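Each chain, letter by letter, is given below.
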Amino acid sequence: MSKMTKTVAALGVVAGLGVAMLPVGAFAAPADTGAVYTGPATQNVTFQAAVDDYIQITVAEAQVVAATPATTAQNATGSTGLTIKSNSTKGYTATIAANTGEVRNESGTITTNGTADMIGTNANNKIPGGKAVTPGTSAWGYKIGSLTDMVPAATTASTFAEKTTAADADGDSYTLEFAASVDAKQAADTYTGQVVITATAK
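Everything quoted here is computed from the prediction, not taken from an experiment.

What counts and what doesn't
Residues numbered from 1 in each chain as written. Predicted model: local features only at pLDDT ≥ 70, side-chain atom pairs only at ≥ 80, totals over all residues. Heavy atoms only, no water. Pairing = 2+ DSSP bridges. Helix = DSSP H or I, 4+ residues; strand = E, 2+ residues; numbered from the N terminus. Axes fitted to C-alpha atoms, helices over the stretch in contact; angles between N-to-C directions. Buried < 20%, exposed > 50% of the residue type's maximum accessible area, 1.4 Å probe, protein only. Contact = heavy atoms within 4.5 Å. Salt bridge = Lys/Arg side-chain N within 4 Å of Asp/Glu carboxyl O.

A. Main features of the sheet that holds strand 12 (residues 191-192). With antiparallel pairing, three strands are arranged side by side in an open sheet as 7-6-12. Lying at the two open borders of the sheet, with one neighbouring strand each, are strand 7 (126-127) and strand 12. Note that strand 6 (residues 118-120) and strand 12 share two bridges and pair antiparallel. Paired with Ile119 across the strands is Thr192, a residue of strand 12.

Structural data, given as structure tokens:
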């Protein structure tokens, strides 16, 4: 068929008007095979949208204040709730570490390292980290998630959640608890300790 089409085209050029004397069908252009002349015509159109990865931590209270002061016979305690949300189907890892006094710049880089101690309004007064919280001992710590016992405050991060599946639709809820104890020589002051919660999607 392709050879015949070329021949007819050549005759049209040479014969000029004489070509009109021949039957119209002899010079009809080949049918457009892309068109449908019977039945409906269809065409698929696709739509593509990207969904970004995300992970989020929300705390009920960014500052927790103990209801009662610590004494040699009683620990000062407090708690808050937090929620971790993520669309990672592989889950996430969450950690906690003490970082009292840590400073980060706008890009998130640490410019001043934190300490594991609680610090008083008088910076010379401290409740040290790294010790078990026990009445009669100056120490502080926290527990959350899989850390079911009070962990001595430390700048080394401890993992409290190791998820291998997606978070719940409303996020995964955790209760963060604090405790501080003091010995008989601990100076009267208001002490502040800080922790950093980090959640990393897998």
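B. Inspection of the sheet that holds strand 3 (residues 92-98) at higher detail. If you trace the three strands from one edge of the open sheet to the other, you get 10-3-13, paired in antiparallel fashion. The open sheet terminates on both sides in strands that have one partner only, identified here as strand 10 (158-162) and strand 13 (195-201). Mean inter-strand twist for the sheet, computed between neighbouring axes without regard to direction, equals 20°. As paired strands, strand 3 and strand 10 are joined by four bridges and run antiparallel to one another. Counterpart to Thr95 in the pairing with strand 10 is Thr159.

C. Molecular detail of the side chain of Thr83. Residue position: Thr83 is located in strand 2 (residues 76-86). Overall, the relative accessible area of 19% leaves Thr83 in the buried class. Dropping the residues within four chain positions of it, Thr83 is found in contact with Gln56, Ile57, Thr58, Asp170, Gly171, Asp172 and Ser173.

D. Quick peek at the pattern of salt bridges. Evaluated as defined, the whole model comprises three salt bridges. The salt bridge involving Arg104 is made with Glu102; its shortest N-O contact spans 2.8 Å. Arg104 gets classed as partly exposed once you look at its relative accessible area, which sits at 44%. Across the pair Glu162 and Lys202 runs a salt bridge whose closest N-O atoms are separated by 2.9 Å. Taken together, the residues span a long stretch of sequence, with Glu162 in strand 10 and Lys202 in the segment after strand 13 at a distance of 40 residues.

Read these as layout, nothing more, since geometry by itself doesn't imply function.
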